[in-house]
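If you want the building blocks of each chain, they are given just below.
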Amino acid sequence: MDLFAKCRKFNAQVKVVKSLNQFFYLREIDPPATPTVTMGGKKMIMLGSNNYLGLANHPKVIEAAIKAVKKFGTGACSSRILTGTTSLHNKLERELARFKGTEDAVVFSTGFMTMMGTITALTEEGDVILSDEFNHASIVEGCRLSRAQVKVYKHNDMKSLEEMLSECKRSANKLIVTDGVFSMKGSVANLPEIKSLADKYKAKIMVDDAHGTGALGATGRGILEHFDMEGAIDLVCGTFSKTLSSAGGFTGASSEVVSFLRLQSRPFIFSASSPPSVAATVMACLEVIEEEPELLERLHKNTEFMKQGLKDLGFEVEETITPIIPVLIGNDRKAFKLTGGLEKEGVFINPVVYPAVPKGSALIRVSIMASLSTDELQTALDKFKLVGKKLRII
Ligand SMILES: Cc1ncc(COP(=O)(O)O)c(C=O)c1O
């Protein structure tokens, strides 16, 4: 038996996919999150980034990161519990708690570790986790690693969630976990109803506001602000890898829970603290979100412009209030052809195919940034028209 035989088999499959021009991963993009990027020496309009407010390239944010590197060095070179906690990390945790309306917050080095490390620290054998079927992989992994019983309810389906809650032992600790904004389809969790069910069945709630933070709510505070539910949810998590323009994540909760996570969550304890410049970057992003509300307005305008434009061209666009616009294609091959065709025409998009979505429900995930100009969006729409017609999608 050869341990690496599966690698050879897998790589051979990837080679076939590449030969069919259906491989759209690991593309080299410099810089990655500007409205126009360079890929293979070619200029492309970027419709695939999660840099929703354009803050990764905001002068104030860049300046804050540079200043922190000069003062604190490039890395903390330790885990948070040993020598990796700086004044910037502590300040960021206080700022995030204020921004999200929680008592306290703890910062992890990635969003993935945040979800995984929060779920595994809080749940144990005998507990029940109720998880939306479309939750992000970091939540799925946390559920797998916890020793709790995991019940997966149908996507955003409150009947399915209630059925599962009613099957749980009354005495069992229950945690309902949901993405706030679902990353592939841009759907928004029905938090008000989840909250009523949680109250009825005495369950706690964890929401992953990765894509909502900075993009939802009147002032960009995320899904809780959107539903006017600040303070009503037990665990409010998020990542720095979208609007907050860096890498890392956080869990906001009561002081009691956050203090516990700081000393009991294994990904927090046994992995290096994020570089201090990450904390400075995220704090600068929070400041800009508060000081420049016009960026959120611009994001909404751009999203509406693109959504309406795609609909007018005849594309099937699923309804969404987020900057993630799902364009339904259906067939995986067509989704790949549209992606390849647009790539040739200088437009970067991401195809989403099985198993990320059910078979036959392939889509194009168009994501919008505030920093895209109307000209860039119009050029992208013209290319969608050209390639969409050629492939007889519209
Ligand atoms: C909903 C959601 N949760 C968690 C994560 C993981 O975050 P990160 O990429 O910052 O590790 C992502 C990122 O893809 C996400 O979309």
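Residues numbered from 1 in each chain as written. Predicted model: local features only at pLDDT ≥ 70, side-chain atom pairs only at ≥ 80, totals over all residues. Heavy atoms only, no water.

A. Expanded view of the overall build of the protein. Broken down by element type, the protein carries 14 helices and 15 strands. Compactness check: the protein gives a C-alpha radius of gyration of 21 Å against a globular reference of 21 Å for 394 residues, within 12% of the reference. Within the protein, buried positions represent 54% of all 394 residues. Carbon and sulfur atoms make up 54% of the accessible area of the protein, which amounts to about 18,400 Å² in all. Here the protein contributes 49 positively and 45 negatively charged side chains, and the mean placements of these two sets differ by 7 Å. (Helix = DSSP H or I, 4+ residues; strand = E, 2+ residues; numbered from the N terminus. Rg over C-alpha atoms; globule rule 2.2 N^0.38 Å. Buried < 20%, exposed > 50% of the residue type's maximum accessible area, 1.4 Å probe, protein only. Areas by Shrake-Rupley, 256 points an atom, 1.4 Å probe, with all protein chains shown as cover. Lys, Arg positive; Asp, Glu negative; His and termini not counted. Charge placed at Lys NZ, Arg CZ, Asp CG, Glu CD.)

B. Looking closely at the domain arrangement of the protein. Here the domain parsing of the protein yields domain 1 (5-30 + 293-390) and domain 2 (59-291). Put simply, domain 1 and domain 2 have one salt bridge between them. Residue E318 is joined to K185 by a salt bridge in which the shortest nitrogen-to-oxygen separation is 3.1 Å. Applying the counting criterion to the domain 1 and domain 2 interface returns three residue pairs in polar contact (both at pLDDT 80 or more). The element contributing the most residues to the side of domain 1 that touches domain 2 is helix α12 (residues 294-313), with five residues. Tallied by class, residues from the side of domain 1 that touches domain 2 come to eleven nonpolar, three polar and three charged. (Domains from an automatic or database assignment. Salt bridge = Lys/Arg side-chain N within 4 Å of Asp/Glu carboxyl O. Polar contact = N/O pair within 3.5 Å; in protein donor to acceptor, adjacent residues only side chain to side chain. Nonpolar A, V, L, I, M, F, W, Y, C, P; charged D, E, K, R; others polar.)

C. View of the site of the ligand. Residues in contact with the ligand amount to 14 residues; listed here are only the nearest, F112, D208, H211, S241 and K242. Interatomic distance of 2.8 Å between a side-chain N/O atom of H211 and an oxygen atom of the ligand. In this structure, an oxygen atom belonging to the ligand sits 2.7 Å away from a side-chain N or O atom of S241. Coverage of the ligand by the protein chains reaches 82% of its 390 Å² of free accessible surface. For the shell around the ligand, a count of residues per class yields two nonpolar, nine polar and three charged. (Near = heavy atom within 4 Å.)

D. Just the environment of V61, in detail. Relative to the assigned elements, V61 resides in helix α2 (residues 59-72). Along the sequence, V61 and T102 sit 41 residues apart, while their C-alpha atoms lie 24 Å from each other. The residues contacting V61, other than those within four sequence positions of it, are L55, T281, A284, C285 and V288. (Contact = heavy atoms within 4.5 Å.)

E. Structural detail: the pairing of strand β7 (residues 174-179). Counting buried residues in β7 gives six out of six residues, a clear majority hidden from the surface. Burial of the side chains of β7 extends over both faces: K174, I176 and T178 are buried on one face and L175, V177 and D179 on the other. Sheet analysis places strand β5 (residues 128-132) next to β7, joined by four bridges and oriented parallel. Bridge pairing in β7 places S131 opposite V177. (Pairing = 2+ DSSP bridges.)

F. Region of interest: the packing of helix α4 (residues 111-122) against helix α5 (residues 137-145). Packing of α4 against α5 brings their axes to within 8 Å, and their N-to-C directions diverge by 30°. Comparing their axes, α5 and α4 come out roughly parallel. Crossing hand, α4 versus α5: right-handed. Taken together, the residues of α5 that come into contact with α4 (itself represented by F112, M115, M116, I119 and T120) are A137, S138, I139, E141, G142, C143 and L145. Of the residues in the contact of α4 with α5, the class split is eight nonpolar, three polar and one charged. (Axes fitted to C-alpha atoms, helices over the stretch in contact; angles between N-to-C directions. Parallel < 35°, antiparallel > 145°, perpendicular 65-115°, else oblique. Left-handed = near helix turned anticlockwise from the far one by under 90°.)

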